[in-house]
Amino acid sequence: MAQVRALHKIMALFSANSIAAMNNSDTRIAGCFLTGIPGLEQLHIWLSIPFCIMYIAALAGNGILICVILSQAILHEPMYIFLSMLASADVLLSTTTMPKALANLWLGYSHISFDGCLTQMFFIHFLFIHSAVLLAMAFDRYVAICSPLRYVTILTSKVIGKIVTATLSRSFIITFPSIFLLEHLRYCQINIIAHTFCEHMGIAHLSCSDMSINVWYGLAAALLSTGLDIMLITVSYIHILQAVFRLLSQDARSKALSTCGSHICGILLFYVPALFSVFAYRFGGRSIPCYVHILLANLYVVIPPMLNPVIYGVRTKQILEGAKQMFSNLAKGSK
């Protein structure tokens, strides 16, 4: 009798493990389904139109900006190198998210493989490289305004290379553990993500195991990287504004304030929705409707990329002159 009971226990344990393995494999094999914008399903097609327009505008604006900077030797300076990095990150971020979101909103094509979802999540978080690029741009303006005579000796090509390498390395080091943490969660048969694209906590919510480490790691990563960047950018612009108000020339002061004002607008345009998204997803609970969070997240990946070429490019005389020269050369070459 005891042997029979032991056999039954073994069989029950084997069955439980089999079910767990099956549940674990369901999401990984079957993939995930993105719902789009829950609660606004009847407006999906109408919402997709402005998203598509903004996406095309972002691609066109940043593409032109990158081409102008690359084609004009006079723009091969630190400020414009960092600006081309920002434009490249904008193109990649919007392209990582918008095509899949538009396919979902237009065609109802909501399926994505689990590995594809992890890949999209990785690139979305990796392209948070914006934060470090904005810090590099703030440092560039700090040196240019506060130590103009030492600008060339401080921001050499070697230093710029180190900044670029450090920026990419930091973003990779911060983002890669998220993949590791998600891979080691146990997934059940739930495979519906209430979003238009995959992000860390959206995937983590599919699991049926404890995901507290994912919550705290994501929050710590955001605060330690982005929070530190915000502090350093703030300190830089405090020193920049102090130096600007000490300028004797009214024209020089107005020009510097105009440049700083546009940069600060670009910084706020990036950080405010990004930080709101981070905290709302983790602590918003039911106080913030799901569609508000998702709409803001989608606007975040298209509005800053669309407006950055205007904020940093159109308002910069050298960029405008470079664009005119580039198009003039193209027109001459086509004749």
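The rules behind the values
- Residues numbered from 1 in each chain as written.
- Predicted model: local features only at pLDDT ≥ 70, side-chain atom pairs only at ≥ 80, totals over all residues.
- Heavy atoms only, no water.
- Helix = DSSP H or I, 4+ residues; strand = E, 2+ residues; numbered from the N terminus.
- Buried < 20%, exposed > 50% of the residue type's maximum accessible area, 1.4 Å probe, protein only.
- Contact = heavy atoms within 4.5 Å.
- Areas by Shrake-Rupley, 256 points an atom, 1.4 Å probe, with all protein chains shown as cover.
- Axes fitted to C-alpha atoms, helices over the stretch in contact; angles between N-to-C directions.
- Parallel < 35°, antiparallel > 145°, perpendicular 65-115°, else oblique.
- Left-handed = near helix turned anticlockwise from the far one by under 90°.
- Nonpolar A, V, L, I, M, F, W, Y, C, P; charged D, E, K, R; others polar.
- Salt bridge = Lys/Arg side-chain N within 4 Å of Asp/Glu carboxyl O.
- Pairing = 2+ DSSP bridges.
- Phe/Tyr/Trp six-rings, centres within 6.5 Å; stacked < 30°, edge-to-face > 60°.
- UniProt positions renumbered as here; feature names shortened; annotations may be inferred.
- Disulfide = S-S within 2.5 Å.
- Core = buried A, V, L, I, M, F, W, Y, C linked by side-chain atoms within 4.5 Å.

1. Examining the overall build of the protein
- Counting secondary structure elements, the protein contains 13 helices and three strands.
- Of all 335 residues assigned to the protein, the portion counted as buried reaches 44%.
- Taking the contacts inside the protein whose residues are at least 6 apart along the sequence as the reference set, 79% of them involve residues at least 24 apart.
- Counting only carbon and sulfur atoms, one obtains 71% of the accessible surface of the protein, whose full area is about 17400 Å².

2. A few points about the packing of helix 2 (residues 44–71) against helix 3 (residues 78–107)
- Where helix 2 contacts helix 3, the axes come no closer than 9 Å and their chain directions differ by 155°. By the criterion of interaxial angle, the relationship of helix 2 to helix 3 is roughly antiparallel. By crossing handedness, the relation of helix 2 to helix 3 is classed as left-handed.
- Of the residues belonging to the contact of helix 2 with helix 3, the class tally is 17 nonpolar, seven polar and one charged.

3. Side note on the pattern of salt bridges
- Taken as a whole and judged by the stated rule, the model has two salt bridges.
- We note a salt bridge from Arg141 to Asp140, for which the minimum N-O separation is 2.7 Å. Here Arg141 matches Asp140 in class, with each residue buried.
- Of the charged contacts, one joins Arg170 and Asp229 as a salt bridge, the two residues approaching to 2.7 Å between their closest N and O atoms. Pair noted here: Arg170 is in helix 7 (residues 157–183) and Asp229 is in helix 9 (residues 212–245), with a separation of 59 residues, a long-range link.

4. Remarks on the sheet that holds strand 3 (residues 192–193)
- Strand order in the open sheet formed by three strands is 2-1-3, with mixed pairing between adjacent strands. Across the chains shown, the open sheet's two edge strands, defined by having one partner strand only, are strand 2 (111–112) and strand 3.
- One ladder, built from two bridges, connects strand 1 (residues 32–34) with strand 3; its direction is parallel. Bridge pairing in strand 3 places Phe33 opposite Ile192.

5. Examining the packing of aromatic side chains
- All chains considered together, the criterion is met by five aromatic pairs.
- For the ring pair Phe114 and Tyr187, a centre distance of 5.1 Å and an interplane angle of 70° mean the geometry is edge-to-face. Of the two residues, Phe114 sits in helix 4 (residues 114–126) while Tyr187 sits in the loop between helix 7 and strand 3, which places them 73 residues apart along the sequence.
- With centroids separated by 5.6 Å and ring planes inclined at 25°, the aromatic side chains of Phe172 and Phe176 adopt a geometry described as stacked. One end of the pair is Phe172 and the other is Phe176, both in helix 7 and four residues apart, which spans about a single turn.
- Taking the relative accessible area as the measure of exposure, Phe176 reaches 46% and is therefore partly exposed.
- Through a chain of ring-to-ring contacts, the aromatic side chains of Phe122, Phe123, Phe126, Phe172 and Phe176 assemble into a single cluster.

6. What to know about the UniProt feature "transmembrane region" (unreviewed entry) in the protein
- This chain's UniProt record puts "transmembrane region" (unreviewed entry) on residues 43–68, 118–139, 159–182, 215–240, 260–279 and 291–314.
- For residues 159–182, the end-to-end C-alpha separation is 36 Å, with 100% helix and 0% strand making up the annotated structure.
- The span residues 291–314 is 92% helix and 0% strand, and its two end C-alpha atoms sit 33 Å from each other.

7. What about the state of the cysteines?
- Under the definition given, this model contains one disulfide.
- Here Cys117 is linked by a disulfide to Cys198, with a sulfur-sulfur distance of 1.9 Å. Of note, the bridge from Cys117 to Cys198 carries an S-S torsion of about -110° and is left-handed in sense. With Cys117 in helix 4 and Cys198 in the loop between strand 3 and helix 8 (200–204), this residue pair connects regions lying 81 residues apart in the sequence.
- Using a relative accessible area of 0% as the deciding quantity, one classes Cys117 as buried.
- Cys32 takes part in no disulfide bond, and the closest cysteine sulfur to it belongs to Cys117, at a distance of 4.4 Å.
- Residue Cys32 is classed as buried on the basis of its relative accessible area, which comes to 0%.

8. Some points on the nonpolar core
- Grouped together as the largest cluster of nonpolar side chains are 80 residues, with contacts concentrated most on Phe51, Leu83, Leu134 and Ile203.
- Take this core: its biggest share by element is 13 residues, from helix 3.
- In this structure Leu134 touches Leu86, Ile233, Ile267, Phe270, Tyr271 and Tyr312, once residues within four positions along its chain are discounted.

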